[in-house]
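Okay, here's what each chain looks like letter by letter:
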Amino acid sequence: MNPENAWLLLLALGAVAFLYASVGHGGASGYLAVLALFGAAPEPMKSSALVLNLAVSTVSFLNFYRGGHFVWRKFWPFAVASVPMAFVGAGVPLSAGLYKQLLGACLLLAIGRMLWKPRDTEDDPGEIPLLAALLVGAVIGLLSGMLGIGGGIILSPVLLLMHWAKLKQTAAISALFIFVNSLSGLSKLLLKGYQPDTQTFAWLAVALVGGLLGGYVGARRFNVPTLRYALATGLLVATLKLMFT
């Protein structure tokens, strides 16, 4: 990769980390989209995205947790089913074509989440049925492991649409959900012999800075609509590239 493209990649990864962290996400689907645009192969993409996910979801969660938005009872039923399934999913081989199609579908969810800014209501969210949470968690965990994402981009719309959590509660729950699933999936890849390279550490540093800023902005201040729209446009380009090339 030439120096100009390397700098563009770093800037893109930092922007993705900032915007995803502002809504409680780790950003794996965004990192995968960016890496796909720059021509990375699927296997290195998965492992690198999970490493970045761990860092960004951690700082995002801490910001939302300090803001008093995390609710344990709404988190654990999803996580207890998703974590083992993410480990299993990380070991499932996918053809390059199927991987791109599934990732493209998740990217469409990511685009929708970036553009959709639901209003927080004063109504108390409903209780989450245990069986439904376990089933949703297991499905998301398996898909997360297969694709190299944390699953928050799928869980958060479910929580909001089912009115199971408020907006910032959803962000806090999703951030920790992403962390535990990313850790589970990455542990499987480590057992299979994955070792991060120096390039991944450079990406990690940029993602951490973006994640710290995005988590603070999302938990304590405001969202940035113009930047969200710009990211959604970039993700759409990456999605089309993935699904049709």
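Details of the structure are given in the entry above.
Criteria and thresholds
Residues numbered from 1 in each chain as written. Predicted model: local features only at pLDDT ≥ 70, side-chain atom pairs only at ≥ 80, totals over all residues. Heavy atoms only, no water. Helix = DSSP H or I, 4+ residues; strand = E, 2+ residues; numbered from the N terminus. Buried < 20%, exposed > 50% of the residue type's maximum accessible area, 1.4 Å probe, protein only. Contact = heavy atoms within 4.5 Å. Areas by Shrake-Rupley, 256 points an atom, 1.4 Å probe, with all protein chains shown as cover. Axes fitted to C-alpha atoms, helices over the stretch in contact; angles between N-to-C directions. Parallel < 35°, antiparallel > 145°, perpendicular 65-115°, else oblique. Left-handed = near helix turned anticlockwise from the far one by under 90°. Nonpolar A, V, L, I, M, F, W, Y, C, P; charged D, E, K, R; others polar. 1 Å grid on protein atoms, 1.4 Å probe; cavity = no way out; pocket = protein on both sides within 12 Å on 5 of 7 lines; lining within 4 Å. Points joined across faces, edges and corners; volume = space filled by probe spheres on them.

A. Spatial organisation of the overall build of the protein chain. Helix and strand counts for the protein chain stand at ten helices and zero strands. What you see in the protein chain, going N to C, is helices and strands ordered as α-α-α-α-α-α-α-α-α-α. Across the 245 residues that make up the protein chain, the buried fraction comes to 51%. The long-range share in the protein chain, meaning contacts at least 24 apart out of those at least 6 apart in sequence, stands at 86%. Surface accessibility of the protein chain: about 10800 Å² in total, with carbon and sulfur atoms responsible for 70%.

B. Geometry of the side chain of N181. On the secondary structure map, N181 appears in helix α8 (residues 167-191). The class of N181 is buried, set by a relative accessible area of 1%. The residues contacting N181, other than those within four sequence positions of it, are S82, V83, A86 and G150.

C. Spatial organisation of the packing of helix α6 (residues 130-147) against helix α7 (residues 152-161). Closest axis-to-axis distance for the α6/α7 pair is 10 Å, and the angle between their directions is 155°. Judged on the interaxial angle alone, α7 and α6 are roughly antiparallel. Handedness of the α6/α7 crossing: right-handed. On the side of α6, the interface is formed by V136, I140 and L143, while α7 contributes I154, L155 and V158. Of the residues assigned to the contact of α6 with α7, the class counts are six nonpolar, no polar and no charged.

D. Structural context of empty space enclosed by the protein. Across all of its chains, the model carries one cavity of 30 Å³ or more by this definition. Quantified by volume, the largest cavity comes out at close to 70 Å³. Lining the largest cavity are 13 residues; nearest its centre among them are G27, A28, S29, G150 and I153. Secondary-structure elements contributing two or more residues to the lining of the largest cavity are α2 (28-37) and α7. Broken down by class, the residue content of the lining of the largest cavity amounts to five nonpolar, eight polar and no charged.

E. Up close: unusual backbone geometry. At H163, a residue that is not glycine, the phi angle is positive and equals roughly 55°. With respect to the element layout, H163 can be found in the loop between α7 and α8.

F. Structural view of α2. Across the ten residues that make up α2, a large majority, nine, are buried. Every buried residue of α2 is accounted for by A28, S29, G30, Y31, L32, A33, V34, L35 and A36. Once α2 ends, the next one or two residues include G39, with phi positive near 85°.

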